[in-house]
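Geometric and topological summary
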Amino acid sequence: MPLWIPITITAAFLQNLRSALQRQLKGRMGTTGATFARFGFGFPFAVLYVFALRALLGTDFPAPNATFLFAVAFGGIAQILATFLLVYLFSFRNFMVGTAYSKTEPMQAALFGLLILGEAISPLAFVAIVVGVFGVGLISVAGRGAGGRRGWSALADGLVSREAGIGLLSGALFGVSAVCFRWASLSLGDGGVAMRAAMTLAFATGIQTLAMLLWMALRDRAELKAVARAWRPALLVGIVGVCGSAGWFTAMTLEKVAYVRALGQIELVFTFASSVFWFRETITRLELAGCVLI
């Protein structure tokens, strides 16, 4: 089995755990603060990870170049914007449509990977990605529209809606950010895969932390105070988040982004497994079918 596969599955599991921890922060702070916890409290651990790799592996720090700095900065900002757009969708009544469209990220990542890095995917891989995206669509319909005709009708009615446009843009920005992170990591000529991925992660989270700190300092100081008061649970979000991100960045250094992000949709299977076996909740037939397809 190629190494990127177990790394991606582990990263997806950690992302599912981070999302669960992030939801617990919503009562203590707003969306901006909960988003910042992922980056701001994870940044110090991303830096520690870089130094730990140097101590354990004995490899030198790769020298950042202009391509690296541009790609990591563009990817970092794109990821923040994608996250905000996804959260913004929840202010609309028909947010199911937008959420479903945002999950087209693997397909869009394949396109951006071809345009930016010149990386093509095989026909069979494209079929696999489409099947996975369709599985996510089934889950979105079942979860947001109660399944059946109502769910599919809502999805069909929203094909050219504002929500669909926002969802597509969110998925596009997530795809661009992932491809840019791979681009940045590959641009570092020195160091092994783990060190190059770690350097990319440290720079990306550093840029994201600075950008969000400046935004909250200028536009939302109350949120900044809320983050400071809830630093203990936010710290756990940061630790789990950076561990998951280390997996994503390493996998995307090893393999094409479209493949990694497509396999990463297994996160939804973890979500429903915990829902059934831990919380003893029931899932619909459409949700089960979506999990099987993924």
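Let us look at the structure shown here. (Residues numbered from 1 in each chain as written. Predicted model: local features only at pLDDT ≥ 70, side-chain atom pairs only at ≥ 80, totals over all residues. Heavy atoms only, no water.)

So, about the packing of helix α2 (residues 31-40) against helix α10 (residues 193-219). The relative placement of two packed helices comes down to the angle between their axes together with the axis-to-axis distance. Taken N-terminus to C-terminus, the directions of α2 and α10 make an angle of 150 degrees; their axes are 9 Å apart at the nearest point. When the interaxial angle is binned, α2 and α10 end up roughly antiparallel. Our pair here, α2 against α10, has a crossing hand that is left-handed. Counted together, Thr32, Thr35, Phe36, Phe39 and Gly40 of α2 and Thr205, Gln208, Thr209, Met212, Leu213, Trp215 and Met216 of α10 form the full contact between these two elements. Broken down by class, the residue content of the contact of α2 with α10 amounts to six nonpolar, six polar and no charged. (Axes fitted to C-alpha atoms, helices over the stretch in contact; angles between N-to-C directions. Helix = DSSP H or I, 4+ residues; strand = E, 2+ residues; numbered from the N terminus. Parallel < 35°, antiparallel > 145°, perpendicular 65-115°, else oblique. Left-handed = near helix turned anticlockwise from the far one by under 90°. Contact = heavy atoms within 4.5 Å. Nonpolar A, V, L, I, M, F, W, Y, C, P; charged D, E, K, R; others polar.)

So, on to the side chain of Arg196. Along the chain, Arg196 turns up in helix α10. Beyond its immediate sequence surroundings of up to four residues, Arg196 is in contact with Pro62, Ser185, Leu186, Leu188, Asp190, Gly191 and Thr253.

In this structure the tally under the stated criterion is two salt bridges. In this structure, Arg261 and Glu105 form a salt bridge, with 2.8 Å as the shortest nitrogen-oxygen distance. Of this pair, Arg261 sits in helix α13 (residues 257-264) while Glu105 sits in helix α6 (residues 105-117), placing them 156 residues apart in sequence. The class for Arg261 is buried, based on a relative accessible area of 17%. Residue class for Glu105 comes out buried when judged on its relative accessible area of 10%. Across the pair Arg182 and Glu119 runs a salt bridge whose closest N-O atoms are separated by 2.7 Å. Taken together, the residues span a long stretch of sequence, with Arg182 in helix α9 (residues 162-187) and Glu119 in the loop between α6 and α7 (123-145) at a distance of 63 residues. With respect to burial, Arg182 and Glu119 carry one shared label: buried. (Salt bridge = Lys/Arg side-chain N within 4 Å of Asp/Glu carboxyl O. Buried < 20%, exposed > 50% of the residue type's maximum accessible area, 1.4 Å probe, protein only.)

Spanning 15 residues, helix α3 (residues 43-57) covers 21 Å between terminal C-alpha atoms, matching the ideal 21 Å at 1.5 Å per step. Along α3, the residues that are buried comprise Ala46, Val50 and Leu53. Here the buried residues of α3 occupy an arc of 65 degrees about the axis, which is enough to place them on one side. Away from its buried face, by an angle of more than 90 degrees, α3 presents the exposed residues Leu48, Ala55 and Leu56. Two residues or fewer after α3 comes Gly58, characterised by a positive phi angle close to 70 degrees. (Expected span 1.5 Å × (residues − 1). Arc of directions from axis to C-beta.)

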